[in-house]
Each structure stands twice: as C-alpha cells, then as structure tokens.
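This is what each chain is made of:
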Amino acid sequence: MKSLYKKLKEYSESDYYGFHMPGHKRNLCFSQVGLPYEIDITEIEGFDDLHHPQGILKELQKRASRIYHAQETAVLINGSTAGILSAILGVTEEGDKILIARNCHKSVYHAVVLNKLIPIYIYPEFYPDKDLNGEIDPEAVQKMLQEIPNIRAVVITSPTYDGVLSDVAKISAVVHQYKIPLVVDEAHGAHFGFHPYFPENANQKGADIVIHSLHKTLPSLTQTALLHKNGSIVDWQRVCYYLDMLQTSSPSYVLMASIDVCISKIEEKGAEYFEDYVELLKETRKELQKLKKLSLQQTREYDLSKIVISARDTEYTGKDIYNILLKKYHLQMEMAAGSYVLGMTSVADTPEGMQRLHSALLEIDPNIVLKESKNSRKKMTQSYLPKLDRKYTSAELRKKIDMSKRDRNTGNLKSIAWEISEGYVSAEYAYIYPPGIPLIVPGEQISKEVQLSLYKFRELGFQIQGLKKNGKIEVWIDA
C-alpha cells in the first residue's frame, strides 16, 4: 500500500478539482505562501476516515503499533493532550479515585475535572543537589494502593520534561496486582526503543496505555502524537469513544501525512539515523563535561537526549543562561527553570547545531561568577512540588463556582493580591509554562511556602500562568 504522503502528493499533481473543503482548494497561486495547501484535503474518496479507519489510515496505525510494540495504536492530531484526556476518561467512571503523579502535565488535571474524579497524589523524589524532581517510587505506589481502597487507575509521567525516568516495569507489576490500568504519559519518550542508548518504551514494560508525542523528539509536525493500548484490562473501544469526541471531526491530512513520513523514516532508516544521533549526543555530552562552573546534570535513570545545564553553584539563574544563549549566540533553548536551562535534542539535530551549543557554553563558562556565600545576591528557587491541603477537589470547586455565578452570587469568588493570598483556597491553577505542571490546583489552600516560591519565580522574570498581570489571583471564600 502507498504511504499517505505519496498518495496525497500524487493527488495534488493530478487533474482532480475539489468541490469540497478546505476553502483554499489547493490553489497555491491564490495564497502565494509556502504552506502545503496542495496536500491539504478533507475525507474524500480513497483517503480513509480517521474516526472509522479501514484503509490507508488503518494501515498507518498498524505500522505505528508494530514499531512501538503495542497491541493497538490510534493516531492523534490534537497532540498528546487528546490522548491523555481520552485515556483517563476511558478507564474511569465519574467520581472514581485515581492515583496520579503530582508532576503530571496539566491535561491530566483537566481529565480529573471532566470526570469529577477524586485525585490521590503521589509525589516524585526530589534531588535538592540538582533542583530536579525525580522518579516515582514503585514501593510508594504499592503502599498507597494498599492503604487507599477503590483506586481505579494510576497515571505517571516518564520521562519527565527534564528527562527523569521512573521504573515503569516495576510500577506496572505493582499496579496489575490490583487489576487496574497504568497510564504512562511518555510524550517526551517517542524516541525510546530505537537504540540501546535509550530505554525501551513503556509498551515494552507492561503499561496498559502509553502516549507518545512524535513532534517532541522525532521529526514530525506539531500536534502529532500516538495513543497505544496493551493488555486486557483496558476497554479500548471505550477509550476510542472519548477519542472520537475530543479529536476534531475534520482531521488534518497534512498532520497525518507527517506521522506517516515519520513512521516510514523510522521503519526504513531508523537504525542508521539513531546510530548517527547517538554518536553526536555522546560527543556533545563529552564536551559538556569540560564545564567548570556550569554543569551538565542527570539523575540515576535518565533520558540522555535531554541537555540540562545547571547554574546552581553560581550567581546566575537558569533564566540568565537562557537569555545569554538566546541573545548572544542565537540558541533558543526549550525551557529555563530556577537554576538550570534545558535543551531538547532529536535525530534531526546537526553536528553544526550541536557544536554551536557546546562551544557557546564552554565560552560562557569561564566568565561565570561562582556563588561565594550564603548571602549571595541570587534568590534561589527550587522546583520541588509543594504539598498543599486540599479543601475541595477541583471538580467540587468548579461546581460551587458555577452555581454561585448562576445564582449571581459572586461574593465567594474574589481576586486578591498574591502577597496576601496565604491561607486562601485557590480558584485557579498556578504553574510555570513550560513545563505546565500545576504548583497549585483549584481547591487547594495556598501555603506560605508556595506563595514565596512563585513570588521569587515572578521576580526572576518567569511567566506564572494563573496569576493576573496585576499580580492577583482568584480565590474562593466560603460564606
């Protein structure tokens, strides 16, 4: 069977004229821009239907299942977010308890609201010497499942945004003792399993549902991802029921063709691409070991595709290093945190690009000023996740807010200055984006610790989602 991209390309060069969506009619002369209008079509004869795949798209999903060692795979063109939402809605009933890693992406929290779930949080380890949130302990998962009855599913993120890995195989074994599913947000691990330098993917380690963002670490267009199912615990039809709701009814053939090309390249030349990529990564990491003041960070179990450069022992913040690399060297890093900067790499990186990165950092390093005392001018911020008291689940609070607005009783919802917010119940998520992990969830009581932490992040120039431009946050006050 022809690949989707080749079939689209042939169609674009044929004399077929479309009296159908999309409105640009594949007319390149009309727009005079370089967008791929010529292969942008709708569900027409011969091109299959993503919501009921029987032909070329079904074959694409089978090929994706094969290379990722999954039983079933669905193509996602609304990103990993659509997969995470569908997975959680598909494995829980309204009002269920669900065990989730506290460092999960905000989409996990949104699924909790949609199904009115009761979240039970399990916190990752924290490495204070690296300022990195670590892995989820399988023994801690075991303890919580033993002590808290009627948990219906477990959700973890591995690897994390920073590249930290949890022991998915051990966690899977623990979770399956209770005959419930393990959902792994492996969005940042789409490159796993294609070379020994990287771990096997979560499909190979017993996870029941796995989500991969192709666009994060493989050469595929933004919003492209995959949702995988394994084992007999999950009702795949139920997951797909929600997926049909949450994905657009007009899926982009450009995005699906990008997935097709990505899968094809991995199938045909993956070994070659990954061998070159791994050698490039090894050389880059070797060069970065020469840093004296800045340092290359990783944890015990780690995705070595991530480049984390720490400025922890210096007078500089992660944001400072991020800005120097951007403004002086024109190197756009993925993210800055309090004490480090993160670079993401992929098989599409070039030797020239990687050399620019390590050369820039080695040039910056001698001019970095080390932190000399506890009275350093640098205001330290740590990225550990605060443990806050929950007064309401996010769904319970959402109901209260909706009812108060319906009754035109807005006195319970107030906007107050962040500086005086300690002790109030937050009506907002508060998080730094990226990575989009909520530090405060609606219904939680704002502590002095998290108040000071977010205040420092804001002082250092980080954008705090949830705080208004005037420095206020919405809180809920019981009558």
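All of these numbers come straight from a predicted model, not from anything done at the bench.

Analysis parameters
- Residues numbered from 1 in each chain as written.
- Predicted model: local features only at pLDDT ≥ 70, side-chain atom pairs only at ≥ 80, totals over all residues.
- Heavy atoms only, no water.
- Helix = DSSP H or I, 4+ residues; strand = E, 2+ residues; numbered from the N terminus.
- Buried < 20%, exposed > 50% of the residue type's maximum accessible area, 1.4 Å probe, protein only.
- Lys, Arg positive; Asp, Glu negative; His and termini not counted.
- Salt bridge = Lys/Arg side-chain N within 4 Å of Asp/Glu carboxyl O.
- Contact = heavy atoms within 4.5 Å.
- UniProt positions renumbered as here; feature names shortened; annotations may be inferred.
- Phe/Tyr/Trp six-rings, centres within 6.5 Å; stacked < 30°, edge-to-face > 60°.
- Lys NZ or Arg CZ within 6 Å of the ring centre and 35° of its normal.
- Pairing = 2+ DSSP bridges.
- Axes fitted to C-alpha atoms, helices over the stretch in contact; angles between N-to-C directions.
- Patch = residues over 30% accessible without salt bridge, like charges linked within 9 Å, V, L, I, M, F, W, Y side chains within 5 Å.
- Areas by Shrake-Rupley, 256 points an atom, 1.4 Å probe, with all protein chains shown as cover.

A. Main features of the side chain of Lys229. Looking at where Lys229 falls in the secondary structure, it is placed in strand S9 (residues 225-229). The buried charged residue Lys229 lacks any salt bridge, with Glu72 as its nearest oppositely charged partner at 5.9 Å. Not counting chain neighbours up to four residues away, the residues in contact with Lys229 comprise Ala70, Gln71, Glu72, Asp208, Val234 and Trp236.

B. The UniProt feature "coiled-coil region" (unreviewed entry) in the protein, seen in detail. Within this numbering scheme, the UniProt entry marks residues 274-301 as carrying the feature "coiled-coil region" (unreviewed entry). This span, residues 274-301, is 54% helix and 11% strand, and a straight line between its end C-alpha atoms measures 20 Å.

C. Region of interest: unusual backbone geometry. Pro159 follows Ser158 through a cis peptide bond whose omega is 0°. Position of Pro159 among the secondary structure elements: in the loop between strand S6 (151-157) and helix H7 (168-176). The step from Tyr433 to Pro434 runs through a cis peptide bond, and the omega angle for that step is -10°. You can see Pro434 is positioned in the loop between strand S16 (431-432) and helix H14 (448-459). Of note in this structure, Lys116 is not a glycine but carries a positive phi near 50°. Within the secondary structure layout, Lys116 lies in the loop between helix H5 (106-114) and strand S3 (118-122).

D. Quick look at the pattern of salt bridges. Under the defined criterion, the tally for this structure stands at 14 salt bridges. In this structure, Glu267 engages Arg63 in a salt bridge whose closest nitrogen and oxygen atoms are separated by 3.1 Å. Within this pair, whereas Glu267 is found in helix H10 (residues 253-288), its partner Arg63 is found in helix H3 (residues 56-68), the two being separated by 204 residues in sequence. A relative accessible area of 34% places Glu267 in the partly exposed class. Here the residues in one salt-bridge network are Arg63, Arg66, Asp260 and Glu267, joined through shared partners.

E. Main features of the packing of aromatic side chains. Applying the stated rule across the entire model yields 13 aromatic pairs. An angle of 45° between the planes, with centres 5.6 Å apart, marks the rings of Phe194 and Phe274 as tilted. Linking Phe194 in the loop between strand S7 (182-185) and strand S8 (209-213) with Phe274 in helix H10, this pair joins segments that are 80 residues apart in sequence. Here a set of aromatic residues connected by ring pairs shows up, and it is made of Tyr68, Phe194, Tyr197, Phe198, Phe274 and Tyr277. Here Lys106 stacks its cationic end above the ring of Tyr433, 4.8 Å away from the centre of that ring. Above the ring of Tyr121, the side-chain terminus of Arg390 is found at 5.8 Å from the ring centroid.

F. Representation of the sheet that holds S8 within the structure. Spatial strand order, S1-S9-S8-S7-S6-S2-S3: seven strands in an open sheet with mixed pairing. In the strand order of this sheet, the two ends are held by strand S1 (72-76) and S3, each with one partner. Across the sheet, the mean angle from the axis of one strand to that of its neighbour is 20°, orientation sign disregarded. Judged from the three bridges that link them, S7 and S8 form a sheet pairing that is parallel. When the bridges of S8 are listed, Asp185 appears paired with Ile211.

G. Focus on the pairing of strand S11 (residues 306-310). Burial analysis of S11 places five of its five residues in the buried class, the great majority of the element. Neither face of S11 is left uncovered, since the one carrying Lys306, Val308 and Ser310 and the one carrying Ile307 and Ile309 both have all their residues buried. Where strand S10 (residues 295-297) and S11 come together, three bridges link them in antiparallel fashion. Bridge pairing in S11 places Leu296 opposite Ile309. Pairing analysis gives five bridges linking S11 to strand S13 (residues 340-344), with the strands arranged antiparallel. Bridging from a neighbouring strand, Ile307 pairs with Gly343 of S13.

H. Layout of the pairing of S1. Burial runs high along S1: four of the five residues are buried. The pairing of S1 with S9 spans five bridges and is classified as antiparallel. Across the sheet, Glu72 pairs through a bridge with Lys229, a residue of S9.

I. Spatial organisation of a nonpolar patch on the surface. On the surface, Tyr241, Met245 and Leu246 cluster together to form a nonpolar patch covering roughly 300 Å² of accessible area. Relative to the helices and strands, Met245 is located in helix H9 (residues 236-246).

J. How the structure looks around the sheet that holds S10. Strands sit in the order S10-S11-S13-S12 across an open sheet of four strands; the sheet is antiparallel. Every other strand in the sheet has two partners, leaving S10 and strand S12 (335-336) as the edge strands with one partner each. Contacts from H10 reach S10 and S11 within the one sheet, and its direction differs from that of S11 by about 5°.

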